[in-house]
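Coordinate analysis (summary)
Spelled out, the chains give:
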Amino acid sequence: MAWRTTADIAAFDEAAGAFVAAEPTRNTLLLSIPSVLRQRGPLAFGNEPPRFGWYEDVDGKVGAALVQTPPHPALLSELPDGAAAPLVDALLAANWRLSGVNAPSATADAVAAVWCAATGTSAKVRMRNRLYLLGELVEPTPAPRGTSRLATAADLDLASAWYAHFAQEVGDPVLNAQRVVGDRVENGTLLLWEADGAPVSMAGISLLLEGGGMRVGPVYTPPGLRRRGYAAAATAAACRLAFDRGAREVSLFTDLANPTSNALYRRLGFRQVEDRVVIDFIGR
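Cut-offs used in this document
- Residues numbered from 1 in each chain as written.
- Predicted model: local features only at pLDDT ≥ 70, side-chain atom pairs only at ≥ 80, totals over all residues.
- Heavy atoms only, no water.
- Helix = DSSP H or I, 4+ residues; strand = E, 2+ residues; numbered from the N terminus.
- Rg over C-alpha atoms; globule rule 2.2 N^0.38 Å.
- Buried < 20%, exposed > 50% of the residue type's maximum accessible area, 1.4 Å probe, protein only.
- Contact = heavy atoms within 4.5 Å.
- Areas by Shrake-Rupley, 256 points an atom, 1.4 Å probe, with all protein chains shown as cover.
- Lys, Arg positive; Asp, Glu negative; His and termini not counted.
- Charge placed at Lys NZ, Arg CZ, Asp CG, Glu CD.
- Core = buried A, V, L, I, M, F, W, Y, C linked by side-chain atoms within 4.5 Å.
- Pairing = 2+ DSSP bridges.
- Expected span 1.5 Å × (residues − 1).
- Arc of directions from axis to C-beta.
- Polar contact = N/O pair within 3.5 Å; in protein donor to acceptor, adjacent residues only side chain to side chain.
- Salt bridge = Lys/Arg side-chain N within 4 Å of Asp/Glu carboxyl O.

What about the overall build of the protein?
- Looking only at helices and strands, one finds 8 helices and 12 strands in the protein.
- For the protein, the C-alpha radius of gyration of 19 Å lies close to 19 Å, the compact-globule estimate for 284 residues.
- Its C-alpha atoms put the protein at 60 × 35 × 35 Å along the principal axes.
- The buried share of the protein, reckoned over its 284 residues, is 51%.
- Of the contacts made within the protein by residues no fewer than 6 positions apart, 72% connect residues no fewer than 24 positions apart.
- Carbon and sulfur atoms provide 52% of the accessible area of the protein, an area that totals close to 13100 Å².
- Positive and negative charge centroids in the protein, built from 27 and 29 side chains respectively, lie 6 Å apart.

This is the structure in structure tokens:
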């Protein structure tokens, strides 16, 4: 049983691609992040190249996967029992340094405990997330005034500012909001909800992922325009767009500390899949 690490996305795809694609809902981030890297290049998420890993059992069968895009926390699938300590040993042997981990709750706690014991760092929970999967879409009632449309190049400055505010609110500042939003505009994956001729909310979707899934996010409404139903309407419009583009399933993440958004998505027809936690490593 061993962890394999590499900086070669093609090697990761060959070794772990089938494992990741077999659970397209739970592994939505492990599908979408490499997809963006293939499209935008290795520095899509930061100033350092990405790193990848997978865990093999005694028969060579892959049982877990990892994607790290520094400086962001490492993304992990659920780990088999006993896989956390070998993971930390492999990362330290490869001279990897983790800023944190983003994983299913039990996995994140296990890795954090071993990493902090081995490195002398401390762990701080940044956010607890819940992954939801859409059942049957329930249109928001009452529907707010307005309509949805795709964002265009003319919306770039506004949407970039909103994206940066969203990233700040969730504690994951984006390095280049204008580039991220520009890619979404080009791909047609960012919707605006307009009321009285002005944008009041936005919702994005991922590109179609292997396995037929698409993920909604970010969803953002400026503080002064909240509690008017705009986010619900934008989210519903994003879900319809995803299905129009061939999605077989639609998922999203919420911040468990925000009961308003969790209740909103349940009303739209989303159902809980699993809880994840983002943990930052602080110190040495």
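Next comes the rest of the write-up.
Examining the nonpolar core
- If you look at the biggest cluster of nonpolar residues, it comprises 27 residues, and the most contacted ones within it are Val216, Val250, Tyr265 and Phe270.
- Those elements giving two or more residues to this core turn out to be β6 (122–134), β8 (190–195), β9 (198–205), β10 (213–220), α7 (230–244), β11 (249–255) and α8 (259–267).
- Looking at this core element by element, the count peaks at 9 residues for α7.
- Those residues in contact with Val216, other than ones at most four positions away along the chain, are Gly204, Ile205, Thr235, Ala238, Cys239, Val250, Ser251 and Leu252.

Some details on the pairing of strand β12 (residues 270–282)
- Bridge analysis of strand β5 (residues 100–104) against β12 gives 5 bridges, and the strand direction is antiparallel. Paired with Pro104 across the bridge in β12 is Arg276.
- With 12 bridges connecting them, β6 and β12 associate as antiparallel partners. In the sheet register, Ala123 faces β12, and the bridge partner there is Phe281.

Observations regarding the pairing of strand β2 (residues 51–56)
- Among the 6 residues that make up β2, 6 are buried, leaving the element largely enclosed by the rest of the structure.
- Burial along β2 is two-sided: the residues Arg51, Gly53 and Tyr55 and Phe52, Trp54 and Glu56 are all buried.
- Judged from the 5 bridges that link them, strand β1 (residues 2–6) and β2 form a sheet pairing that is antiparallel. Residue pairing across strands places Trp3 opposite Tyr55, the latter belonging to β2.
- As defined by bridge partners, β2 adjoins strand β3 (residues 62–68) across 6 bridges and the pair is classed as antiparallel. Note that in β3 the partner of Tyr55 across the bridge is Ala64.
- Linking β2 to β3, which pair antiparallel, is a turn of 5 residues; within it Gly60 sits at a positive phi near 80°.

Here's the deal with helix α5 (residues 156–169)
- Over its 14 residues, α5 extends 20 Å from the first C-alpha to the last, a length consistent with the 20 Å expected when each residue adds 1.5 Å.
- Listing the buried residues of α5 in full gives Ala159, Ser160, Trp162, Tyr163 and Ala167. Here the buried residues of α5 occupy an arc of 165° about the axis, which is enough to place them on one side. Exposed side chains of α5 directed beyond 90 degrees from the buried face belong to Asp157 and Gln168.
- Residues of α5 that are buried make contact with α6 (177–187), β8, β9 and β10.
- Gly171 lies just past α5 and shows a positive phi near 80°.

Describing the side chain of Gln68
- On the secondary structure map, Gln68 appears in strand β3.
- By relative accessible area, Gln68 is classed as buried at 2%.
- A polar contact is formed between the side chain of Gln68 and the backbone oxygen of Arg97, at a distance of 3.2 Å.
- Aside from chain neighbours lying at most four places away, what touches Gln68 is Pro50, Arg51, Ala74, Trp96, Arg97, Leu98 and Ser99.

Focus on the side chain of Ser206
- One can find Ser206 in the loop between β9 and β10.
- The residues touching Ser206, leaving out its near neighbours within four places in the chain, are Thr189, Met214 and Arg215.

Here we look at the pattern of salt bridges
- Going through the model one piece at a time under the given rule, you end up with 14 salt bridges.
- Salt-bridge contacts for Arg26 lead to Glu274; the nearest nitrogen and oxygen are separated by 3.6 Å. A residue pair is termed long-range when its members are at least 10 positions apart, and Arg26 in the loop between α1 (9–21) and α2 (28–40) and Glu274 in strand β12 qualify at 248 residues.
- On the basis of relative accessibility, which here comes to 37%, the residue Arg26 falls in the partly exposed class.
- Put simply, Glu169 and Arg226 hold a salt bridge, and the shortest N to O gap is 2.9 Å. Here the residue Glu169 occupies a position in helix α5, and Arg226 occupies one in the loop between β10 and α7, the gap between them amounting to 57 residues.
- On the basis of relative accessibility, which here comes to 46%, the residue Glu169 falls in the partly exposed class.
- Put simply, Glu23, Arg26, Glu274 and Arg276 are held in one network by salt bridges that share partners.

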